[in-house]
Amino acid sequence: MPSMADTADSADSAGTAAAAEKKQDRTAAKLAKQIGAFARKHGGAEGQLAHIGQAGTRIVLVGTDGGWGDLVAPDFAVAQLAAEKAGLTLHEEFDGEFAARVRTGPYEWTRMAGIQLGGPENPAA
């Protein structure tokens, strides 16, 4: 027969799990709202989830117009839930076809490649 201490520990565990689930749901809802805003601004969006270690999971977004951005979720489950809530179509990989939709501008060229290739300094850096 369980002792009163065992019953209390079990109730505490259930309460902690419920609180963690509520927090995950709130975080996913907030991310879904941001995904929706991005999609509205860019005429729609698709995405891909990428593990980034202890930092969590990156939600890479590519808009219909070629605009792109990303968000970071604390873990893969929250990222998946956020994508689901936002109605985001997910790709398994950031493959060539999906990557080809991304449109980069002068900022990206100077920031990511220009500096390494001897290009102009990035004033925003």
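Residues numbered from 1 in each chain as written. Predicted model: local features only at pLDDT ≥ 70, side-chain atom pairs only at ≥ 80, totals over all residues. Heavy atoms only, no water.

1. Focus on the overall build of the protein
The number of helices and strands found in the protein is 4 helices and 4 strands. Counting helices and strands in the order they occur from the N terminus, the protein gives α-β-β-β-α-β-α-α. Looking at the protein as a whole, 30% of its 125 residues are labelled buried. Within the protein, contacts between residues at least 6 apart in sequence are counted, and of these 51% link residues at least 24 apart. When the accessible surface of the protein is summed, it comes to about 8,500 Å², and 56% of that surface belongs to carbon and sulfur atoms. (Helix = DSSP H or I, 4+ residues; strand = E, 2+ residues; numbered from the N terminus. Buried < 20%, exposed > 50% of the residue type's maximum accessible area, 1.4 Å probe, protein only. Contact = heavy atoms within 4.5 Å. Areas by Shrake-Rupley, 256 points an atom, 1.4 Å probe, with all protein chains shown as cover.)

2. Thoughts on the sheet that holds strand 2 (residues 57–63)
Across the sheet, 4 strands lie side by side as 3-2-1-4; this open sheet has mixed pairing. The strands lining the two open edges of the sheet, one partner per strand, are strand 3 (68–73) and strand 4 (89–91). Recorded for the sheet is a direction-independent mean angle of 30° between the axes of neighbouring strands. Sheet analysis places strand 1 (residues 45–51) next to strand 4, joined by 3 bridges and oriented parallel. By the bridge assignment for strand 4, Gln48 is matched with His91. (Pairing = 2+ DSSP bridges. Axes fitted to C-alpha atoms, helices over the stretch in contact; angles between N-to-C directions.)

3. With respect to the packing of aromatic side chains
Think of a pair of aromatic rings as described by two things: how far the centres are apart, and how the planes are tilted against each other in angle. With the rule as written, the count across this model stands at 1 aromatic pair. Arranged with centres 5.1 Å apart and planes meeting at 65°, the rings of Phe94 and Phe98 form a pair that is edge-to-face. For Phe94, a relative accessible area of 36% puts it in the partly exposed group. Take Phe98: its relative accessible area is 1%, and that puts it in the buried class. (Phe/Tyr/Trp six-rings, centres within 6.5 Å; stacked < 30°, edge-to-face > 60°.)

4. A closer look at the pairing of strand 2
Of all 7 residues in strand 2, 6 are buried; the element is thus mostly enclosed. Of the strand pairs in this sheet, strand 1 and strand 2 are connected by 7 bridges, and their pairing is antiparallel. When the bridges of strand 2 are listed, Gly47 appears paired with Leu61. Taken together, strand 1 and the strand that follows it, strand 2, pair antiparallel across an intervening segment of 5 residues, in which Gly53 is found at a positive phi of about 75°.

5. Some details on a negative patch on the surface
There is a patch of like negative charges on the surface, built from Glu92, Glu93, Asp95 and Glu97. Tracing the sequence through the fold places Glu97 in helix 3 (residues 96–99). The class of Glu97 is exposed, set by a relative accessible area of 60%. (Patch = residues over 30% accessible without salt bridge, like charges linked within 9 Å, V, L, I, M, F, W, Y side chains within 5 Å. Salt bridge = Lys/Arg side-chain N within 4 Å of Asp/Glu carboxyl O. Lys, Arg positive; Asp, Glu negative; His and termini not counted. Charge placed at Lys NZ, Arg CZ, Asp CG, Glu CD.)

6. Some remarks on the side chain of His42
By the element assignment, His42 lies in the loop between helix 1 (4–41) and strand 1. For His42, a relative accessible area of 15% translates into the label buried. Leaving out residues up to four positions away in the same chain, His42 has contacts with Gly63, Thr64, Asp65 and Gly67.

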